[in-house]
Amino acid sequence: MRHPQDLLSGYVDGTLSAHEAAEVAAHLAECPSCRETVSDLRAVRRLLAAAKPPDPDPELLPRLLRADLGARRPRLQLGRWFAVAAATALLTVASARVSHLPPGSSRAVQELREHARLATRTPLNDLGLASFLSAFLPDPVEDNP
Amino acid sequence: MEAEAGALPSQGAGTEEARAEFGRLVEAHWRSAYRFAYRLTGNPEEAADLVQQAAEEAFRAFSRFRPGTRFDRWWLRILYNSFVDRTRRHRRQSYLPLDDLSGKLSVTGSWADPEAALEQQLDGPVQRALDALPPEFRAAVILVDVEGLSYEEAARVLCCPPGTVRSRLHRGRLALREWLRGYVDALRRGELG
């Protein structure tokens, strides 16, 4: 067997099938370097379990229990769409202006102009605009599995 | 797996009962949500903010929470999605390449010295090492090694197959092993813990 790679972590965690575990055990019997890795992996696991994060600020719980208030705020529904419309308009105008810059020597300017030309044509396909807008659009929340 | 008590009728999030139930569940699980957030962000304020955001999102989506399944896992998943979203927006942090096993991190600071290691709390060094992992590897390591989730549970939180959890976990641990070399060796010699 070749070095079992991530099967070693599975071995340490006891998540392998009986067949896989037997194969790894047979390999370990012959491979000092994998035995070393297994001992290290166990040590890493213990370190992580032993480290204690600081306690949360006790003020956090009352804030969380008011989460429903935050969630019920008629949060920026109008404001959000206004921001989207304004951003689209602004970027379209800005892009149009940039695309009419005189020919420059800088490669960056040329690339910007090319980008602006494309962005002006199809503002909603523009990556920069999309990432800007993502700050305003609601996050998708998925169902629980 | 332990199921949540207090099954809700399938009502919307707006009713009083739903709000009370949501509060009860948050109160039962906020500490583990905070631990996960703290380990992900490495920063108490950011962790608190992330938990708060995840609580608001969870409340808005609460009508879709299935009673009888684990609220904490569901909340962690929402929290993780919010975290990923944030790291995409503010890509301020640089991660060490996982293949860089030169132990770069472990030589910085006095905590690389096993003698000092004995007296210091582990939290700082462990957190700094976690911070240097790319987020998806960090999350797998935290869920399994800190929170004690099974691969399957971690896979549901991270929305990936269990095999991916195992490989991320393994690569993450190998990097941590080098970055925390002084501690790993001290632990193996029986000088720690």
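The coordinates are above.
Quantities reported herein were computed from a predicted structural model and do not represent experimental measurements. (Residues numbered from 1 in each chain as written. Chains lettered and ligands numbered in written order. Predicted model: local features only at pLDDT ≥ 70, side-chain atom pairs only at ≥ 80, totals over all residues. Heavy atoms only, no water.)

Peer 1: Honestly, the overall build of chain A in this entry has me stumped. Any pointers?
Peer 2: For chain A, the helix and strand inventory stands at eight helices and zero strands. The linear arrangement of helices and strands in chain A, starting from the amino end, is α-α-α-α-α-α-α-α. Within the span of chain A, comprising 145 residues, buried residues form 32% of the whole. Here the analysis covers contacts within chain A between residues at least 6 apart in sequence; of these, 49% occur between residues at least 24 apart. As displayed, chain A offers around 9,100 Å² of accessible surface, 62% of which is attributable to carbon and sulfur atoms. (Helix = DSSP H or I, 4+ residues; strand = E, 2+ residues; numbered from the N terminus. Buried < 20%, exposed > 50% of the residue type's maximum accessible area, 1.4 Å probe, protein only. Contact = heavy atoms within 4.5 Å. Areas by Shrake-Rupley, 256 points an atom, 1.4 Å probe, with all protein chains shown as cover.)

Peer 1: What's the story with helix α7 (residues 151-158) of chain B in this structure? I'm lost.
Peer 2: α7 of chain B sits mainly inside the fold: six of its eight residues count as buried. Those residues of α7 of chain B that sit buried are Tyr151, Glu153, Ala154, Ala155, Val157 and Leu158 of chain B. Those residues of α7 of chain B hidden inside the fold are in contact with α1 (7-13) of chain A together with α3 (71-89), α6 (135-146) and α8 (162-179) of chain B. Following α7 of chain B by one or two positions, cysteine 159 of chain B adopts a phi angle in the positive range, close to 55 degrees.

Peer 1: Is there a simple way to explain the interface of chain B and chain A in this structure?
Peer 2: Interfaces are often sized by the accessible area lost when the parts come together. With 59 residues of chain B in contact, the opposing surface of chain A contributes 49 residues. Where chain B meets chain A, there are six salt bridges. Summed over the shared surface of chain B and chain A, the number is twelve residue pairs in polar contact (both at pLDDT 80 or more). Listed by contribution, the elements that provide at least two residues to the side of chain B that touches chain A are α1 (16-41), α2 (44-60), α3, α5 (123-131), α6, α7, α8 and α9 (181-188) of chain B. Of the residues forming the side of chain B that touches chain A, the biggest block, eleven residues, is contributed by α1 of chain B. (Salt bridge = Lys/Arg side-chain N within 4 Å of Asp/Glu carboxyl O. Polar contact = N/O pair within 3.5 Å; in protein donor to acceptor, adjacent residues only side chain to side chain.)

Peer 1: It is not clear to me how the packing of α1 of chain B against α5 of chain B should be interpreted in this structure. Could you clarify?
Peer 2: Residues and elements named next belong to chain B. At their nearest, the axes of α1 and α5 sit 8 Å apart, and the two run at 65 degrees to each other. Overall, the two elements α1 and α5 adopt an arrangement that is roughly perpendicular. Contacts between α1 and α5 involve Tyr38, Arg39 and Thr41 on the former and, on the latter, Asp123, Gln127, Leu130 and Asp131. Of the residues in the contact of α1 with α5, the class split is two nonpolar, two polar and three charged. (Axes fitted to C-alpha atoms, helices over the stretch in contact; angles between N-to-C directions. Parallel < 35°, antiparallel > 145°, perpendicular 65-115°, else oblique. Nonpolar A, V, L, I, M, F, W, Y, C, P; charged D, E, K, R; others polar.)

Peer 1: Would you mind going over the packing of aromatic side chains with me for this structure?
Peer 2: Working definition: an aromatic ring pair is given by the centre-to-centre distance plus the angle between the planes. Residue and element names in this part refer to chain B. Under the definition given, this model contains twelve aromatic pairs over all chains. The interplanar angle of 50 degrees and the centroid separation of 5.1 Å between the aromatic rings of phenylalanine 65 and tryptophan 74 together place this pair among those described as tilted. The exposure classification of phenylalanine 65 matches that of tryptophan 74, with both residues buried. Pairwise contacts between aromatic rings join Phe22, Phe59, Phe62, Phe65, Phe71, Trp74 and Trp75 into one cluster. (Phe/Tyr/Trp six-rings, centres within 6.5 Å; stacked < 30°, edge-to-face > 60°.)

Everything listed is a geometric property; what it means functionally is a separate question.
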